[in-house]
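So you can see what is in the structure, the chains are spelled out below.
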Amino acid sequence: MNKNLRNGMIVLAVGAVIWFLPVPAGLKAPAWQLFAIFVATILGFILQPLPIGAIALISVGLTGLFNIVTPADILSGFGNTTIWLIVSAFLFAKGFVKTGLGRRIAYKIMAAIGDSSLKMAYAMVLSDLIIAPATPSNTARGGGILYPIVRSLSSAFNSEPGETSRKIGSYLMKSTFQGNCITSAMFLTAVAPNSLVAALALQTAKVQISWGTWALAGIVPGLIALALAPYIIYKLYPPEITNTPEAKIIARREVEKMGPMSYGEKVVAGTFIIALILWSTSAYTKIDATIAAIVCVGIMLVGKAIEWQDVLEEKGAWDTLVWMGALISLAGALTKLGLIGWFAKIVGASLVGYSWSIALGVLLLVYMYSHYAFASLSAHVTAMYAAFLAVAVAAGAPPFLTAMSLGVISALFGGLTHYATGPAPIFFGSGYIPQGTWWKIGFIMSIVNLIIFIGIGSMWWKFLGLW
């Protein structure tokens, strides 16, 4: 039997079984029916008998067809402002890639500080940090911009997959990838599922996480994690080549090949600076972050840094709009019909007698390491984020602390395995790092990141008065 057909039948069977099970006490039939569709949707995201956008669209259609909720409710997610912020950020990323500005930034930094393998790793994560706020696809940022540079540098030092991988290639691959996971946790627009986190936090616990709030919350733990990650990996998995004066020469040569900054690069750079200023000052200017992003995309279009055809061809943006809009609609309907509250009440009752800090700690650990069973950040967030947030808050945990902790973990658990997130199979597939080593370093870094983001991060958020 065809694999996709088999997986599709499994998805339908699971959904049908749940649909026809007796409705649990305390729930109405529409809530249980919607839960059946929701579970089938998540399973479909994991098994992917069809692309996730197609699965999401079918789920929306079935929900309306069976009159579980009104058409207005089931389509409400497509008007979510956070989704349109992510669509705009995808178009920013298009500008970075199309004009070559992303590559120029990386090579410029490398030309300045890349005279050792450790400094080269820092050059890559610093490049990632600069690009991250405008690149909601960690795959585009890590796989499309940074990976080709790392691969070229490895070859320049005669470090190829196999016997010579440990010269420098293995170290650069792993440190750049782990840095990509950290930067993904630092900004609302650094990876697509973050926008879903923000929407679910508002729907589930009335916690509003704006672009500026996420950036402010993420900057201190994020910078600490970025400062430590290349060094820790350097100690865990040291390269044979430590001094790399040639790297500066290679980087300067690449910049020279690119020539002076093009008109398009200048437009993208200037527009990006405007966007960052507007996003970071929205609390004072009252300019909505999404509106600011859309206006800036308009500036790039007027400036011809990108063309309307580029917008139409940016499949990642429109695919994200469809599946994320559908999921936000489904999640919102689950909350409205009372299923999330019902679930939180039941699980919360099982945690009676435990302090909220213990309950939250257990939930965060389960949330982090259950990602071994997922190959998608988005599928994991959709399946577990709202439920875990509701349970923790019902147990007495502060809403913002819980929402933000689960939010940053939603990006950090991408570093666990070689299939955990989009860039992982790209870097792992280069052949420089054995699977066992990849998992070992990923697990160690997950502990380090939890200590930094949840331990130090929670104290930073407390200092800011966020909880």
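Please read all numbers here as calculations on a predicted model, not as lab measurements.

## Some details on the overall build of the chain
What the chain contains, in helices and strands, is 23 helices and zero strands. The globule rule puts the C-alpha radius of gyration for 467 residues at 23 Å, and the 22 Å found for the chain is close to it. Residues classed as buried in the chain amount to 55% of the 467 residues present. Within the chain, contacts between residues separated by at least 24 positions form 79% of all contacts whose residues are at least 6 apart in sequence.

## Comments concerning the pattern of salt bridges
What the rule picks out here adds up to eight salt bridges. Here Asp73 and Lys336 are joined by a salt bridge, their closest N and O atoms 2.8 Å apart. Residue Asp73 is located in helix H4 (residues 71-74), and its partner Lys336 is located in helix H17 (residues 315-336); the two are separated by 263 residues in the primary sequence. Here Asp310 ties to Lys98 by a salt bridge, and the two come within 2.5 Å at their closest N and O atoms. You can see Asp310 sitting in helix H16 (residues 308-313) and its partner Lys98 sitting in helix H5 (residues 81-99), a full 212 residues away along the chain. Exposure remark for Asp310: the relative accessible area of 10% places this residue in the buried category. You can call Lys98 partly exposed: its relative accessible area is 42%. Among the ionic contacts, a cluster of salt bridges with common partners joins Asp115, Lys119 and Lys248.

## Structural notes on the packing of aromatic side chains
According to the stated counting rule, one finds 17 aromatic pairs in the structure shown. In this arrangement the basic side chain of Lys174 is found over the ring face of Trp438, its NZ or CZ atom lying 3.7 Å from the centre. Sitting above the plane of the Trp467 ring, Lys462 keeps its charged end 4.5 Å from the centroid.

## Here we look at the packing of helix H1 (residues 3-20) against helix H2 (residues 29-47)
One way to put it is that H1 packs onto H2 with a least axis distance of 8 Å and a crossing angle of 160 degrees. In terms of orientation, H1 lies roughly antiparallel with respect to H2. In this structure, H1 meets H2 at a crossing whose hand is right-handed. Touching Asn7, Ile10, Val11, Val14, Gly15, Ile18 and Trp19 of H1 are Trp32, Gln33, Phe35, Ala36, Ile37, Val39, Ala40, Leu43, Gly44 and Leu47, all from H2. Considering only residue class, the contact of H1 with H2 consists of 13 nonpolar, four polar and no charged.

## Overview of the environment of Tyr263
Note on placement: Tyr263 falls in helix H13 (residues 263-280). Using a relative accessible area of 57% as the deciding quantity, one classes Tyr263 as exposed.

## Details of the nonpolar core
The biggest cluster of nonpolar side chains holds 159 residues, and the ones touching the most others in it are Trp279, Tyr367 and Tyr385. The greatest single-element share of this core, amounting to 11 residues, is contributed by H17. Excluding its chain neighbours within four sequence positions, the residues that come into contact with Tyr367 are His380, Val381, Met384, Tyr385, Phe388, Leu406, Ile409, Ser410 and Phe413.

## Here we look at the confidence of the model for the chain
Summing up the model confidence of the chain, the mean pLDDT is 88 and the portion of residues at 70 or higher is 99%. Within the chain, the lowest mean pLDDT, 73, falls on helix H14 (residues 282-285), and the highest, 97, falls on helix H21 (residues 399-412).

## Examining the packing of helix H8 (residues 138-156) against helix H9 (residues 169-184)
Between H8 and H9, the shortest axis-to-axis distance is 10 Å and the interhelical angle comes to 160 degrees. One way to sum up the angle between H8 and H9 is to call them roughly antiparallel. Every pair of crossing elements has a handedness; the one defined by H8 and H9 is right-handed. Side by side, H8 and H9 meet where Asn138, Arg141, Gly142, Leu146, Tyr147, Val150, Arg151 and Ser154 of the first sit next to Gly169, Leu172, Met173, Thr176, Asn180, Thr183 and Ser184 of the second.

## Points about a nonpolar patch on the surface
On the surface, Trp84, Ile274, Ile287, Ile291, Ile294, Val295 and Ile299 cluster together into a nonpolar patch covering about 550 Å² of accessible area. Assignment of secondary structure puts Ile291 in helix H15 (residues 289-302). Under the relative-accessibility criterion, Ile291 is labelled partly exposed at 47%.

## What to know about the environment of Met324
By secondary structure assignment, the location of Met324 is in helix H17. Judged by relative accessible area, which is 0%, Met324 ranks as buried. In contact with Met324, other than residues within four places in its own chain, are Ile83, Ala192, Pro193, Ser195 and Leu196.

## Looking at the side chain of Thr189
Residue position: Thr189 is located in the loop between H9 and helix H10 (193-205). At 2.5 Å, the side chain of Thr189 forms a polar contact with the backbone oxygen of Pro133. Among all residues touching Thr189, those that are not within four sequence positions of it are Leu85, Ile86, Ala89, Ala132, Pro133, Thr135, Pro136, Trp211 and Trp279.

## Here we look at H15
Over its 14 residues, H15 extends 20 Å from the first C-alpha to the last, a length consistent with the 20 Å expected when each residue adds 1.5 Å. When we look at burial in H15, the residues that qualify are Ala289, Thr290, Ala292, Ala293, Cys296, Val297 and Met300. On an axial view of H15, the arc spanned by its buried residues comes to 160 degrees, and they lie on one face. The N-cap residue of H15 is Asp288: its side-chain oxygen and the backbone nitrogen of Thr290 are 2.9 Å apart. Lys304 sits one or two residues past H15 and shows a positive phi near 65 degrees.

Cut-offs and rules
- Residues numbered from 1 in each chain as written.
- Predicted model: local features only at pLDDT ≥ 70, side-chain atom pairs only at ≥ 80, totals over all residues.
- Heavy atoms only, no water.
- Helix = DSSP H or I, 4+ residues; strand = E, 2+ residues; numbered from the N terminus.
- Rg over C-alpha atoms; globule rule 2.2 N^0.38 Å.
- Buried < 20%, exposed > 50% of the residue type's maximum accessible area, 1.4 Å probe, protein only.
- Contact = heavy atoms within 4.5 Å.
- Salt bridge = Lys/Arg side-chain N within 4 Å of Asp/Glu carboxyl O.
- Phe/Tyr/Trp six-rings, centres within 6.5 Å; stacked < 30°, edge-to-face > 60°.
- Lys NZ or Arg CZ within 6 Å of the ring centre and 35° of its normal.
- Axes fitted to C-alpha atoms, helices over the stretch in contact; angles between N-to-C directions.
- Parallel < 35°, antiparallel > 145°, perpendicular 65-115°, else oblique.
- Left-handed = near helix turned anticlockwise from the far one by under 90°.
- Nonpolar A, V, L, I, M, F, W, Y, C, P; charged D, E, K, R; others polar.
- Core = buried A, V, L, I, M, F, W, Y, C linked by side-chain atoms within 4.5 Å.
- pLDDT = per-residue confidence, 0-100.
- Patch = residues over 30% accessible without salt bridge, like charges linked within 9 Å, V, L, I, M, F, W, Y side chains within 5 Å.
- Areas by Shrake-Rupley, 256 points an atom, 1.4 Å probe, with all protein chains shown as cover.
- Polar contact = N/O pair within 3.5 Å; in protein donor to acceptor, adjacent residues only side chain to side chain.
- Expected span 1.5 Å × (residues − 1).
- Arc of directions from axis to C-beta.

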